[in-house]
There are 2 protein chains.
Amino acid sequence: MALVTTNHLPLLSTSTTKTILQPRSRIRATTETPIQPQRPNFMINIPNIISNLLHIGMVGNSFPGNLFIQDSYNRTTPAASPKENISSLQDELHGKSNWSNLLNPLHPWLRHELIKYGEFAQATYDGFDYNQFSNYHGSALYNKNRLFDKLGLTSSGYNITKYIYAMSNIELPRWIEHSLHANTWSKDSNWMGFVAVSDDTESRRIGCRDIVVAWRGTVTTTEWFENAHLKLESINDVDKEEGDAKVEHGFLSVYKSKSETTRYNKSSASEQVITEIKRLVAHYRSKGEQVRLTITGHSLGGALALLNAHEAASTIADLPVSVITFAGPRVGNDAFGDELSNLNVKVLRVVVKQDVVPKLPGVLLNEGLEKLEGIIGELQWVYKHVGMELRLDVNSSPYLKHHELDLAGFHGLETYLHLVDGYVSEEDEFRRNAKRDVALVNKYGGMLLEELRVPESWYQLENKGMVRNAYGQWVMRDREPEDIPSPCRDCRPSAIHESL
Amino acid sequence: MALVTTNHLPLLSTSTTKTILQPRSRIRATTETPIQPQRPNFMINIPNIISNLLHIGMVGNSFPGNLFIQDSYNRTTPAASPKENISSLQDELHGKSNWSNLLNPLHPWLRHELIKYGEFAQATYDGFDYNQFSNYHGSALYNKNRLFDKLGLTSSGYNITKYIYAMSNIELPRWIEHSLHANTWSKDSNWMGFVAVSDDTESRRIGCRDIVVAWRGTVTTTEWFENAHLKLESINDVDKEEGDAKVEHGFLSVYKSKSETTRYNKSSASEQVITEIKRLVAHYRSKGEQVRLTITGHSLGGALALLNAHEAASTIADLPVSVITFAGPRVGNDAFGDELSNLNVKVLRVVVKQDVVPKLPGVLLNEGLEKLEGIIGELQWVYKHVGMELRLDVNSSPYLKHHELDLAGFHGLETYLHLVDGYVSEEDEFRRNAKRDVALVNKYGGMLLEELRVPESWYQLENKGMVRNAYGQWVMRDREPEDIPSPCRDCRPSAIHESL
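A quick note: this is a predicted structure, and the numbers were derived from the prediction, not measured.

## Quick word on the sheet that holds strand β3 (residues 209-215) of chain A
Residue and element names in this part refer to chain A.
Link 1 in the chain: Sheet architecture is open: seven strands sit in the order β1-β2-β3-β6-β7-β8-β9, paired in mixed fashion. Two strands lie at the open edges of the sheet, namely β1 (158-167) and β9 (388-392), each paired on one side alone. This sheet shows a mean twist of 20° between the axes of neighbouring strands, independent of strand direction.
Link 2 in the chain: Across the sheet, helix α8 (residues 269-286) touches β1, β2 (189-198), β3 and β6 (291-298), and the angle it forms with β1 is around 155°.

## A few points about a negative patch on the surface
Link 1 in the chain: A cluster of acidic residues, E426, E427, D428 and E429 of chain A, forms a negative patch at the surface.
Link 2 in the chain: Here E429 of chain A is to be found in the loop between α13 (413-422) and β10 (466-468).

## What to know about the packing of aromatic side chains
Link 1 in the chain: Counted according to the given criterion, the structure contains 26 aromatic pairs over all chains.
Link 2 in the chain: Taking 5.4 Å as the distance between ring centres and 15° as the angle between the ring planes, the aromatic pair formed by F120 of chain A and F148 of chain A counts as stacked. With F120 of chain A in helix α4 (residues 108-126) and F148 of chain A in helix α5 (residues 147-150), the pair connects residues that are 28 residues apart, well separated along the chain. Here F120 of chain A and F148 of chain A have matching classes, each one buried.
Link 3 in the chain: A centroid spacing of 4.7 Å and a plane angle of 45° characterise the contact between W474 of chain A and W458 of chain B, whose relative ring orientation is tilted.

## Side note on the pattern of salt bridges
Residue and element names in this part refer to chain A.
Link 1 in the chain: Applying the stated criterion to the full structure yields 48 salt bridges over all chains.
Link 2 in the chain: Note that D200 is salt-bridged to R209, the shortest N-O span being 2.7 Å.
Link 3 in the chain: Given the relative accessible area of 23%, D200 is considered partly exposed.
Link 4 in the chain: The salt bridge involving E389 is made with R391; its shortest N-O contact spans 2.9 Å.
Link 5 in the chain: The partly exposed category is assigned to R391, whose relative accessible area is 42%.

## A short note on the sheet that holds strand β2 (residues 189-198) of chain B
Residues and elements named next belong to chain B.
Link 1 in the chain: Taken in spatial order, the seven strands of this open sheet run β1-β2-β3-β6-β7-β8-β9, and their pairing is mixed. One side of each edge strand has no neighbouring strand; the edge strands of this open sheet are β1 (158-167) and β9 (388-392). With strand direction ignored, the average angle separating the axes of adjacent strands in the sheet is 20°.
Link 2 in the chain: The strands touched by helix α9 (residues 300-315) within the sheet are β2, β3 (209-215), β6 (291-298), β7 (321-326) and β8 (346-352), with β6 carrying the most contacts at an inclination of about 155°.

## Section: the confidence of the model for chain A
Residues and elements named next belong to chain A.
Link 1 in the chain: Averaged over every residue, the pLDDT of chain A is 76; residues scoring 70 or more account for 68%.
Link 2 in the chain: When mean pLDDT is compared element by element in chain A, β3 scores highest at 98, while helix α2 (residues 65-72) scores lowest at 36.
Link 3 in the chain: Taken together, the stretch residues 1-72 has pLDDT below 50 and engages in 188 contacts with residues farther than four places along the chain or on a different chain.
Link 4 in the chain: The low-confidence segment residues 170-175 (pLDDT under 50) makes 21 contacts with residues lying over four places distant or belonging to another chain.
Link 5 in the chain: Scored as a whole, the predicted complex attains pTM 0.76, and scored at its interfaces, ipTM 0.76.

## Here we look at the pairing of strand β7 (residues 321-326) of chain A
Residues and elements named next belong to chain A.
Link 1 in the chain: With respect to burial, β7 is a largely interior element, six of its six residues being buried.
Link 2 in the chain: Side chains of β7 alternate between two faces, with V321, V323 and T325 and S322, I324 and F326 buried alike.
Link 3 in the chain: Bridging between β6 and β7 involves six bridges; their strand directions are parallel. In the sheet register, T296 faces β7, and the bridge partner there is I324.
Link 4 in the chain: Of the crossover connections in this fold, the one passing from β7 over helix α10 (residues 334-342) to the parallel strand β8 (residues 346-352) is right-handed.

## Looking at the packing of helix α7 (residues 249-256) of chain A against α8 of chain A
Residues and elements named next belong to chain A.
Link 1 in the chain: It is the contact of α7 with α8, at a shortest axis distance of 5 Å, that shows an interaxial angle of 60°. With respect to α8, the element α7 is oriented oblique. Contacts between α7 and α8 involve V254, Y255 and K256 from the first element and A269, S270, V273 and I274 from the second.
Link 2 in the chain: Each residue belonging to the contact of α7 with α8 can be placed in one class, and the counts come to five nonpolar, one polar and one charged.

## Comments concerning the environment of G465 of chain B
Residues and elements named next belong to chain B.
Link 1 in the chain: When you line up the elements, G465 lands in the loop between α13 (413-422) and β10 (466-468).
Link 2 in the chain: Assessed through its relative accessible area of 4%, G465 is described here as buried.
Link 3 in the chain: C-alpha separation for the pair G465 and N131, spaced 334 residues apart in sequence, amounts to 8.4 Å.
Link 4 in the chain: Beyond its immediate chain neighbours, meaning those up to four positions away, G465 contacts V475, M476 and R477.

The rules behind each value
Residues numbered from 1 in each chain as written. Chains lettered and ligands numbered in written order. Predicted model: local features only at pLDDT ≥ 70, side-chain atom pairs only at ≥ 80, totals over all residues. Heavy atoms only, no water. Pairing = 2+ DSSP bridges. Helix = DSSP H or I, 4+ residues; strand = E, 2+ residues; numbered from the N terminus. Axes fitted to C-alpha atoms, helices over the stretch in contact; angles between N-to-C directions. Contact = heavy atoms within 4.5 Å. Patch = residues over 30% accessible without salt bridge, like charges linked within 9 Å, V, L, I, M, F, W, Y side chains within 5 Å. Areas by Shrake-Rupley, 256 points an atom, 1.4 Å probe, with all protein chains shown as cover. Salt bridge = Lys/Arg side-chain N within 4 Å of Asp/Glu carboxyl O. Lys, Arg positive; Asp, Glu negative; His and termini not counted. Charge placed at Lys NZ, Arg CZ, Asp CG, Glu CD. Phe/Tyr/Trp six-rings, centres within 6.5 Å; stacked < 30°, edge-to-face > 60°. Buried < 20%, exposed > 50% of the residue type's maximum accessible area, 1.4 Å probe, protein only. pLDDT = per-residue confidence, 0-100. Right-handed = clockwise from strand over helix to strand, strands pointing away. Parallel < 35°, antiparallel > 145°, perpendicular 65-115°, else oblique. Nonpolar A, V, L, I, M, F, W, Y, C, P; charged D, E, K, R; others polar.

Structural data, given as structure tokens:
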């Protein structure tokens, strides 16, 4: 899989006027070789008013570091804990009581579930075709029946039933990866995530049939921070009264856009996902089963998850809806937050203290920051976070660099999952029996200490997908026929297997 | 093979004061996606006096471009011409008459031989372990018996008999790739090239037993242009009289350094290579065969090739010595050039008009340019090119971008080989029946037109050498036992096979 190193990062404009935060490369320890060809060399331009929001603690923790790392960095133990039956706490784990008593200290079962959903969110990145020279740039690399296996999520306990596509919008072209060339699968749409459902075994383990929706965050683009219209748009189809629930226009546009002239978005992402959720709910209820909905996403995928949750809870009766987001920005105003509460949607936001994105109003991920400097105070007031927060700290981990300013790394989902894995409580240190493979942190970045000898941004295709054909010529490898995207196959939901 | 994208490029200091030449990313056509994660984002700082040297023609040729490309970009023909018996012209092709009548127009047999030797030079890059996290960083990826096969040079007609190692020097630490960690194979030495000899079939084809020495250019480092001592050092062990042959100190240091405390350089590169050449010469002469020596290298490998040629011609009687360099800098003074002539060493320098490096005195590849601004005129006078020149032009190829300033691309050996492949004469256009795989141009850079849909810098290891072990943990792949470097195996020359 050819993957861009900074697909998690909302890249700011590279036209630098004031550079508050230095490019990562200048804060490197001197023992490092200066040239790191895989690292994006980005200049960050953030107005002063924003830098105050950062409150980044740069004081490192000094563990008896080396011994700890060598003790714990055991490459010969399985990289996952055995699965336990957690059904006795199923409602609490799904957020019924807003995860009170489960966050501090973090209940091990909740930790496991957070990583489970986080890995679904991660799959929307790992499974995305970033290769501009591929005919299927912007689609999923594999068909929905193969995706989990190919990404190493074979024993997830879930099966994907439908892929979700979202279309680009004239106002927001930056949201969508465009192939540089005539695209044989779609000019307008990108793969934005999937709907999956727990199999029988997993359903028994967790106590309920679980429908999961995982939304993909935006891929690399500097245009996140370029000029766009600043709009708060009503999320409901009613008059725009005072107190009306509003969300940032850009997110809503991705969620709702459609066009008859497209192949994959004659229906919007919203319509696709709600239709599929309703279908699954109806199916399992007809069998007498309890069903619940869990929606997850990282970064802007977290924003889409909240929009999805609002709509699902509004349109499907008696469905427990929970949202687990990682590094999500603020999405809407107070009224929007109130509506989610009234709909009984449970939201848990996993946030890294040093990560910029959760501090920002969502609109700033679309706008030029310098234009808004005067009104950011007002925006802060306008844009609110909803739900409960699990707050993580880069400095808590003895595996990560503590003295570098790495905005991409702070925001990366693999960093988040590493920190969740080690989290015990607000007071305790990173747990020593954390099992999750530490090397994963460096798939897309370089947060790991050099001593761990894991290359930065290591997750990449051999020869970027180039292979030698029968004549010895190097050509771009093509997709297996089964993985060629097709509106018919990918939009038609899987028959629900009775054997699940 | 994990390969750094700019291993051919002498990177200038990134501390920018005057930016004469803009970073490549700003001159991109607007249809291109801004983020090219694999491209090095380098700022070039070149004083005015140097920019005059560049004479870079930025006027593009407009071919009936698209049609030509589609016609010629045939991926279903073999990527090499059949080999012809060229023995009738063997002396001329080896430079006996300084290649007069063979350069303009370029004789097809000479074109074929130039690409042959260029691919040996390329093998010193492709076969180099650039991976800082590898235990064998700085060594050859494969043992000498496997290297050509693993790099796709199976039918080269040559067999490698010895690897050459050079050691780092306190004065020139930048020359050598240092592992970030305790290096189990060598702290001091780098693989610098190889000695090979033509097999019986190839010897009959070309008319003579051909000993080839291929030298590697310096790998990525910004330190090329950082401060170092400016010294011209006498190449002979005599008093430093006026008119004495002098070469740039840095090159000579790499060629001559040794230390008893090292594993791979108890003898210098010079001693290793001359010993092996003498051994092969003696062996084949004892069988009554004619022998000749051809030395090749790209960039600073070209500089080492000239030093090697000087020494070989000085110490081995009646041995025809030719040097084929690509993108080589100026190495020494007039007197040095005269000595090479007197020794009857034949030198052919392949040069791309837009490439900076051949314009520079070799010393500038080690010095900070700004320090020398006042004396560059004097240096030009001091540093001279030797031999014949084959001059190529980026704008002659309809496959390459013409309107971008890409110093790395202009200097890249794959660019050179592409242009040699298409070269007909000073007056004629790029030949339409050029067969060499165009995709190779983009192995380490991005010179190819976007329409050709070849990714930039595509030559890379899957997951940077990370693999999943039996426990599902990602770890760095280790070398096959046969490819683990060993002073005993790699320094002891191969038994010369009678069946060759």
